[in-house]
Amino acid sequence: MAEIVATIGVRQAQQPVEVFFIDESHFTNEPYVQRGWCRKGQQVKVPTPTRRQSATLFGALHLRTQRFYWKRATRGTSKLFLEFLHQLHQRFPEALLILILDNATIHRSLAVKRFLTQHDWVVLEHLAPYSPEFNPIERFWQWLKAKVYGATAFATIDDVINRVRQLVWHYHEGWLTSTIHFDFTDYQSIL
């Protein structure tokens, strides 16, 4: 972590920098049952959709503002990941985008390496393997899935995505009754 923070500090002195925590998550219209209760001797029936549908969401949590940017995709591929990077660049065209992310294969593919050599507006900083605790977006996904699914069954993936859209909107507007708090103590020196 200290190395990533030091690298970002050096780059901030050279030009405007925007730091994001990046990850992708998989959503489905199947029930997301975590735990529950029922009366003794009664079995709870969880309704399931007739057809399973899924989508991958690419997400970016902005360090400075804690805004969440996202893109829906049919699956998580390097090509779709690069499209998401272009979307972020359109939002912040003047800044160097420093993206802190895990070591997933779609983040380290040959296409991504080629892309990085051709574009100087983006830098990827990979976290140590198996260290999701240093990436606050992991906590955001956990919170979002718990809020989206709750005890609800969805007929289609579009219903799930509409619920995601609604929750992200409420998150940005500060309209949530239960908020999420991120631990940015490791990154305080670059804020």
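Owing to the predicted nature of the structure, the values given are computational and were not obtained by experimental measurement.

## Here we look at helix α5 (residues 136-149)
The periodicity of an α-helix, 3.6 residues per turn, causes residues three or four positions apart to be oriented the same way.
Here's step 1: Look at α5: 20 Å from first C-alpha to last across 14 residues, which is about the 20 Å you get at 1.5 Å a residue.
Here's step 2: When α5 is considered as a whole, its buried residues turn out to be P136, I137, F140, W141, W143, L144, K145, V148 and Y149.
Here's step 3: On the buried face of α5, the contacting elements are β1 (17-28), β2 (54-62), β3 (68-73) and α6 (157-173).
Here's step 4: Looking one or two residues past α5, G150 carries a phi angle of roughly 45°, positive in sign.

## Structural notes on the packing of aromatic side chains
Here's step 1: If you walk through the whole model with that rule in mind, you get 15 aromatic pairs.
Here's step 2: On the basis of an interplanar angle of 75° and a centroid distance of 6.0 Å, the ring pair of F20 and Y69 is categorised as edge-to-face. Remark: Y69 occurs in strand β3 and F20 occurs in strand β1; sequence separation between them is 49 residues. Pair check on accessibility: F20 and Y69 agree, each one buried.
Here's step 3: Seen in terms of ring centroids, F68 and W141 are 5.4 Å apart; in terms of plane orientation they differ by 90°. Their pairing is edge-to-face. Taken as a pair, F68 in strand β3 and W141 in helix α5 lie far apart in primary sequence, 73 residues in all.
Here's step 4: Between K145 and the ring centre of F27, over which it is positioned, the NZ or CZ distance is 5.1 Å.

## Quick word on helix α2 (residues 78-91)
Here's step 1: For α2, spanning 14 residues, the distance from its first C-alpha to its last is 20 Å, which sits close to the expected 20 Å at 1.5 Å a residue.
Here's step 2: Within the span of α2, buried status applies to S78, L80, F81, L82, F84, L85, L88 and H89.
Here's step 3: Packing partners of the buried residues in α2 comprise β1, β2, β3, β4 (96-101), α3 (105-108) and α4 (110-118).

## So, the nonpolar core
Here's step 1: Within the largest apolar cluster, 38 residues are counted, with the highest numbers of intra-cluster contacts made by F27, F140, L144 and Y171.
Here's step 2: Of all the secondary-structure elements, those providing two or more residues to this core are α1 (2-14), β1, β2, β3, β4, α5 and α6.
Here's step 3: In terms of nonpolar packing, the next biggest core, distinct from the first, is built from 22 residues, I22, F58, F92 and W121 among them.

## Thoughts on the pattern of salt bridges
Here's step 1: This structure, assessed with the given rule, holds four salt bridges.
Here's step 2: For R52, the salt bridge goes to E30, with nearest N and O atoms at 3.3 Å. One end of the pair, R52, is in the loop between β1 and β2; the other, E30, is in the loop between β1 and β2, and 22 residues separate them in sequence.
Here's step 3: Taking the relative accessible area as the measure of exposure, E30 reaches 31% and is therefore partly exposed.
Here's step 4: Notably, a salt bridge pairs D158 with R72, separated by 2.9 Å at the nearest N-O pair. Here D158 is found in helix α6, whereas its partner R72 is found in strand β3, with 86 residues between them in sequence.

Definitions and limits used
Residues numbered from 1 in each chain as written. Predicted model: local features only at pLDDT ≥ 70, side-chain atom pairs only at ≥ 80, totals over all residues. Heavy atoms only, no water. Helix = DSSP H or I, 4+ residues; strand = E, 2+ residues; numbered from the N terminus. Expected span 1.5 Å × (residues − 1). Buried < 20%, exposed > 50% of the residue type's maximum accessible area, 1.4 Å probe, protein only. Contact = heavy atoms within 4.5 Å. Phe/Tyr/Trp six-rings, centres within 6.5 Å; stacked < 30°, edge-to-face > 60°. Lys NZ or Arg CZ within 6 Å of the ring centre and 35° of its normal. Core = buried A, V, L, I, M, F, W, Y, C linked by side-chain atoms within 4.5 Å. Salt bridge = Lys/Arg side-chain N within 4 Å of Asp/Glu carboxyl O.

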